[in-house]
Amino acid sequence: MIVKILFFGPTASIIGTRCLDFECREGETADYVYNRLLEDNPQLAAQKLHLSVNQQYATGDEVVRDGDELAIFTAVSGG
Amino acid sequence: MIVKILFFGPTASIIGTRCLDFECREGETADYVYNRLLEDNPQLAAQKLHLSVNQQYATGDEVVRDGDELAIFTAVSGG
Amino acid sequence: MDFSEITTETIDLTSVARRVVPPECGATVTLDGYVRQFTKDRETLYLEYEAYEPMALKEMQKLIEQAKREFEISHVGIVHRIGKLDIGETSVVISVAAPHRKAAFAACECLIRELKRTVPIWKKEVYADGEEWIEGDAEKLAEP
Amino acid sequence: MDFSEITTETIDLTSVARRVVPPECGATVTLDGYVRQFTKDRETLYLEYEAYEPMALKEMQKLIEQAKREFEISHVGIVHRIGKLDIGETSVVISVAAPHRKAAFAACECLIRELKRTVPIWKKEVYADGEEWIEGDAEKLAEP
């Protein structure tokens, strides 16, 4: 199955893209996806990151499903 | 000597004028003017009143001078 | 720039807020007071504000000076409208610009509270069946 | 009426403040954030804001709901601008209308603090000699 991972601002400029398709097995958690992504992109690890699943802040325990929209981003700086 | 007494909003509508000339002797205080005015206009006494001398809040102890501008008004309600 | 004004014209919030903005500041807090349609179930048709104008301007200026001593703020603008005001029209705008918004919030709240306590302006509410000068509750000011 | 919006256009303070006003209310408090020219002596040429738009709108809506539970307020409007912003342009406006201004001040201050903590929008400062994505200090949000 495939989940979509979005990047914004700082993470988009580190990763060099705004969107990745990530293939994983049924039953994996958001944390699993997150950790795999950091292994593949160690340059992200210097940041303090937040994770969302389907446009909600995630704890990481969420089991991801096919088509889910994840996002990885740094502490927000709007306002 | 003559001092001017101004009225605004509530006090103007009670007294029926916006301005009175008040004759008094040298050396009198603002309190004296104020008390004489209340004697002449007892309908004012039901109000909680403030007094100013030359556009500054007054304690009443101020010795008034010829040409001074006094004002008597109720608690302000702007905003 | 600091300023305090009394006007009989419509007050534009944006232009008041914009006039207090210096380049090094990051936030402006603006209080916008306006004519209520209902006060305790009684319907107001319109309001009339009257000012002791020269004293009101002096008191507003004092408030600005006090606020700038007490809070870390850059600029303050106060505009109070007088004359006849229809429902929903802005009667008073206070804008405070500050490097940190916390000071701007605190100063703006203090300024409107003090303005309602000390600045000689009075409000008359006009109802369908009569009118009434509103008395403030300025218990803290010394009475003569 | 409550509303939260993200726009690439100029934000007009007055129109935001006016949209939150119900007839029974007496005061609106508005926070106006804008682009600073100087941050620690370094001159900013302009800013770029980027949003995770659908999530940002959801988070803004949550903030409004939270504020309405916590404070006695009538209506809240939040508008955040994204894209390129020049010095002095408004990046965010939060307007809170309430029967009593104390609640409006408290809610507005809470809303901007929470917006800066939770709403997924990022700011890039562009200087004469480079550019930098600004990281927030949202230490209170759980990290994965």
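None of these values were measured; they are calculated from a predicted model. (Residues numbered from 1 in each chain as written. Chains lettered and ligands numbered in written order. Predicted model: local features only at pLDDT ≥ 70, side-chain atom pairs only at ≥ 80, totals over all residues. Heavy atoms only, no water.)

1. What to know about the sheet that holds strand E5 (residues 75–81) of chain D
Read from one edge of the open sheet, 8 strands run E1(C)-E5(C)-E7(C)-E2(C)-E2(D)-E7(D)-E5(D)-E1(D), paired in mixed fashion. Whereas interior strands pair on both sides, the edge strands pair on one side only; in this sheet they are strand E1 (3–7) of chain C together with strand E1 (3–7) of chain D. On average, each strand axis in the sheet is inclined to that of its neighbour by 10°, with strand direction left out of account. Contacts between helix H2 (residues 53–70) of chain C and the sheet are confined to E1 and strand E5 (75–81) of chain C, with E1(C) contributing the most and set at about 150° to the helix. This element, helix H2 (residues 53–70) of chain D, spans E1 and E5 of chain D of the sheet and lies at about 150° to E1(D). (Pairing = 2+ DSSP bridges. Helix = DSSP H or I, 4+ residues; strand = E, 2+ residues; numbered from the N terminus. Axes fitted to C-alpha atoms, helices over the stretch in contact; angles between N-to-C directions. Contact = heavy atoms within 4.5 Å.)

2. Some details on the pairing of E1(D)
Residue and element names in this part refer to chain D. With 4 of its 5 residues buried, E1 lies for the most part within the structure. Both E1 and E5 contribute to a ladder of 5 bridges, which runs parallel. Along E5, the bridge assignment pairs Ile6 with His80. (Buried < 20%, exposed > 50% of the residue type's maximum accessible area, 1.4 Å probe, protein only.)

3. Concerning the interface of chain A and chain D
Interface extent is often summarised as the accessible area lost during association of the parts. Across the boundary between the two partners, chain A contributes 28 residues, which contact 33 residues of chain D. Looking only at chain A, the three residues that lose the most surface to chain D are Gln55(A), Val76(A) and Gly79(A), adding up to 26% of its buried area. Joining chain A to chain D, the criterion identifies 1 salt bridge. Between Arg18(A) and Glu50(D) there is a salt bridge, with the nearest N and O atoms lying 2.5 Å from each other. Put simply, chain A and chain D have 16 residue pairs in polar contact (both at pLDDT 80 or more) between them. Residue classes in the side of chain A that touches chain D are distributed as 11 nonpolar, 13 polar and 4 charged. (Buried area = accessible area lost by both parts, 1.4 Å probe. Salt bridge = Lys/Arg side-chain N within 4 Å of Asp/Glu carboxyl O. Polar contact = N/O pair within 3.5 Å; in protein donor to acceptor, adjacent residues only side chain to side chain. Nonpolar A, V, L, I, M, F, W, Y, C, P; charged D, E, K, R; others polar.)

4. Digging into the sheet that holds strand E4 (residues 56–57) of chain A
Within a sheet, adjacent strands bond to each other through the backbone by hydrogen bonds, running parallel or antiparallel. All names here are of chain A. Strand order in this open sheet of 5 strands is E2-E1-E5-E3-E4, and the pairing throughout is mixed. Each edge of the open sheet is held by one strand with a lone partner, namely strand E2 (19–23) and E4. Of the strand pairs in this sheet, strand E3 (residues 49–53) and E4 are connected by 2 bridges, and their pairing is antiparallel. Residue pairing for E4: Val53 is matched across the bridge by Gln56. Together, strand E1 (2–7), E2, E3 and strand E5 (69–74) form the strand contacts of helix H2 (residues 30–40), whose direction differs from that of E3 by roughly 135°.

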